[in-house]
Amino acid sequence: MSAPLRGTRERSGTPAPTSPVTTGAATAAASLCAALAVLLLALASSGGLDPSALGDPGELVRYGLPIARTVHDLAAALTVGGFVLATTVLPHPSAAWTRAVRVAAVAAGGWAVSALLVLVLTAMDVIGAAPGAAGFGAQFAQFAQSIDLGRALLVTTVLAAVVATVGAAVTSANGAAAGAVLSIVALLPLSLSGHASGSASHETAVSSLAMHLIGVTVWVGGLAALLLVLPLTGRPAAAGERRVDLVAITSRYSRIALWAFAAVALSGVINAAVRLGSVSALTSSYGVLVVLKVVALVALGGLGAWHRRRTLPALATSRRAFGRIAAAELVLMSAAMGLGVALSRSPTPVPDDDPASSRAEDLLGEPLPPPVTVGRWFTEVSPDLLWICIAGLALVGYLLGVARLRRRGDAWPVGRTIWWVLGCLALFFVTSGGAAAYGRTSFSTHMLQHMLLAMVVPPMLVLGAPVTLAMRTLKPRRDGSRGAREWMLTVVHSRYLAVLGHPVVAAVLFGGSLIVFYYSPLFELALRTHVGHELMMVHFLGTGFLFASVLIGVDPGAHRPAYPMRLILLLATMAFHAFFGVALMQGTSLLAPDWFATLDPTANLLADQQRGGDFAWGMGEVPTLVLVLGVAIGWSRSDTRENRRADRAAERDGGRELEAYNAMLSQLAQRDAPPGARRASAGTPSPADTLSPADTRAPTDSRAPTDSLAPTDSVGEAWTRPPADG
Ligand code: HEM
């Protein structure tokens, strides 16, 4: 806030505001107290502090673990929030940006220490012994290395320590983004803890808790970091720095907060539904805590609306109201986090492991679908929260972009929209429909899902030209901060994408992954673990998208060779694909036999695997045909465009280009002619050595993108690389 404002208040006799440091410290202290007080009250009421039926790990664990976990979650929130604010909201370089990153690094240090404490206390809880007891060391090592929960907590501890170390040295926007990504990745193993570690509805529990934790940490941590940089906004920028406009950064955070609010609500309700099992369970002690959380969320939603209607519009004149409401909001959020930890330590109406579930259901983490038929393959569902969100946001975001272009009176090829919508619908089906329901129950149905994900969905999405649409619809930032548009450009122009988007690299990743994935422990890992399964989906969709983008894409990023080269690349890769299919059809060594035998002890695994080979071979052909068609259409279009360009140039300059070309040809002819002929024809090129306008219609160069989006388009400046202060 500029000096004059402060002056006016003093003149008006209002007491000078307390120093920002005291306000910040007071808010932090109040938040921590609220979180711990609500935690202990909730645990006391839900029986979460009582010794469990399996034995009493002692008060240190019963009280220490949830307290350490609450401090852990608060520190994680501030880490993620600080980096996310620096990455997407604050101008760089600026004092506010530096403070956000430093706060995040320090918080990451606190996170690492509290994570280590959570790891040791959880080990004591599981082992039922304290450090110093005989054999505790060996048991602790075994817990941390070979038990899912122990491994997850260890990974988070190590990653938090890495974030703290890296964070302390961050000075660039790319560095802050790396900190944000790394700290969010460090959160993910936590989604395997709490009740989600049980087998009942394991996939949904893990995905929803992961989404919940990310939503909560971005929302709560972002607000905390915003309050901490508030005093550094609205004042003249120091030399070499950017001015930080409070109105601009709060409205950006407010948009992020709205998405986080929606994510927390959706994932919280889904996770609670898995744990409660029925509405009547809301009267249970666990259910009451859930209701309290819903109340907290609604109250937070109300405060958010108050901000949007009252405090944000008044920010240009007074920041006090905003500061106060935001501080109160932070205390309430921390209390809700305390409730969250209490929930994770309280007994649930639905037991974590369903005693009635079969071995197959324990493995799958959900009920086994009925035996597969063609009809069921199209009608069964296995909702995957993560992919429902990705495909849903991709679809809605794209249609909103097209609507914005239309409102602006700009055209957007309807074909692209149709391809994108089809691609998103196909992605829904492959990740949450019948293809997903049977994706892990037999090798052949797994291969069907894989082929659709890698070969059918990507070409459709690529033809939707999403990056081009984003560049044409997203507004550029002018204050040195980076929004979605700036980060997309950073990625599109990055060295990594230049390497990954190289035709040979994209082809090797696309084809080679098959061999590496199926003939290594990766396949079994993707079948047995939720994280492995999701990473497999991301990998095959990503490599399929890159490969299709090299062949028929219009967006910037991938390096596109000449059309003949693309056809050769496609045919070579498809040949490799067919070879892989044939190898499976002929092979006799079984892949992941224990897994498939447990799911269906009566199945003829070899026959089923060979059928999978049929699918790999057969299903490769159809998309290949579509890609060949795509390349051929692109080729002829680029030639037509090239011809039109040459014609326009000829009309503009009377065929100067052709003349220059002919002159070069005759010089060549002159040079190569035998000495006698040379003297005879000096100065007059013969018709045999030169080209007429008709000759130039043949294809000359086929590198131009398949769609008229060369930089001459109205958003030409869109492709320019963001400022190099990365
Ligand atoms: C609709 C409202 C909400 C519902 C239904 C809900 C439900 C849940 C559920 C079921 C869990 C998992 C607990 C377990 O492991 O069993 C959870 C965890 C958590 N929730 Fe919420 N939640 C809601 C809102 C919030 C809000 C507003 C916050 C904070 C701003 C929050 C913070 C957390 C945290 C930090 C955890 C993880 C605790 C841990 O394991 O460390 N939740 N929530």
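So, here is what we can say about the structure in this document. (Residues numbered from 1 in each chain as written. Predicted model: local features only at pLDDT ≥ 70, side-chain atom pairs only at ≥ 80, totals over all residues. Heavy atoms only, no water.)

**Here we look at the nonpolar core**
A general feature of soluble globular proteins is that nonpolar side chains tend to end up buried together. Within the largest apolar cluster, 72 residues are counted, with the highest numbers of intra-cluster contacts made by Leu85, Leu90, Trp111 and Trp219. With 14 residues, helix α4 (residues 95-127) is the largest single contributor of residues to this core. Ala360, Leu395, Val462 and Phe523 belong to the second largest nonpolar core, which has 70 residues in total. (Core = buried A, V, L, I, M, F, W, Y, C linked by side-chain atoms within 4.5 Å. Buried < 20%, exposed > 50% of the residue type's maximum accessible area, 1.4 Å probe, protein only. Helix = DSSP H or I, 4+ residues; strand = E, 2+ residues; numbered from the N terminus.)

**Focus: the environment of Leu289**
Along the chain, the position of Leu289 falls in helix α10 (residues 285-311). You can call Leu289 buried: its relative accessible area is 1%. Sequence-distant contacts of Leu289, defined by excluding residues within four places in its chain, comprise Ala42, Ser45, Ser46, Leu339, Ala342, Leu343 and Ser346. (Contact = heavy atoms within 4.5 Å.)

**A look at the site of the ligand**
The ligand sits among 26 residues. The nearest are Asp73, His195, His212, Tyr286 and Lys293. In the environment of the ligand, an oxygen atom lies 2.8 Å from a nitrogen or oxygen atom belonging to the side chain of Arg69. Measuring from an oxygen atom of the ligand, one finds a side-chain N or O atom of Asp73 at 2.5 Å. For the shell around the ligand, the secondary structure elements donating two or more residues are α3 (59-88), α8 (202-229), α9 (246-276), α10 and α11 (320-345). A class-by-class count of the residues in the shell around the ligand yields 17 nonpolar, six polar and three charged. (Near = heavy atom within 4 Å. Polar contact = N/O pair within 3.5 Å; in protein donor to acceptor, adjacent residues only side chain to side chain. Nonpolar A, V, L, I, M, F, W, Y, C, P; charged D, E, K, R; others polar.)

**Details of the environment of Val628**
Mapped onto the secondary structure, Val628 falls in helix α26 (residues 605-653). Considered as a pair, Val628 and Ile552 are 76 residues apart in the sequence and their alpha carbons are 9.0 Å apart. Sequence-distant contacts of Val628, that is, excluding residues within four places in its chain, are made with Leu567, Leu570 and Leu571.

**A closer look at the packing of aromatic side chains**
Summed over the entire model, instances satisfying the criterion amount to 18 aromatic pairs. Between Phe136 and Phe140, the aromatic rings sit 6.0 Å apart at their centres with planes inclined by 20°, giving stacked as the arrangement. Placement of both Phe136 and Phe140 in helix α5 (residues 136-146) is noted, with a separation of four residues, approximately one turn of the helix. Residue Phe136 is classed as buried on the basis of its relative accessible area of 7%. The rings of Phe443, Phe517, Tyr518, Phe523, Phe540, Phe580 and Phe596 are connected pair by pair, giving a single aromatic cluster. Geometry around Trp412 places Arg416 over its ring, the cationic atom sitting 4.7 Å from the centre. The side chain of Arg566 reaches across the aromatic face of Tyr563, ending 4.0 Å from its centre. (Phe/Tyr/Trp six-rings, centres within 6.5 Å; stacked < 30°, edge-to-face > 60°. Lys NZ or Arg CZ within 6 Å of the ring centre and 35° of its normal.)

**Focus: the coordination of the iron atom of the ligand**
Coordination sphere of the iron atom of the ligand, protein contribution only: His212 (NE2) and Lys293 (NZ), at 1.8 to 2.1 Å. Look at His212 and you get buried, because its relative accessible area is 13%. (Donors = N, O, S within 2.8 Å, 3.2 Å for Na, K, Ca; no water.)

**Describing α4**
The end-to-end C-alpha distance of α4, which contains 33 residues, comes to 47 Å, matching closely the 48 Å that a straight helix rising 1.5 Å per residue would cover. Downstream of α4 by one or two residues, Gly128 has phi in the positive range, about 75°. (Expected span 1.5 Å × (residues − 1).)

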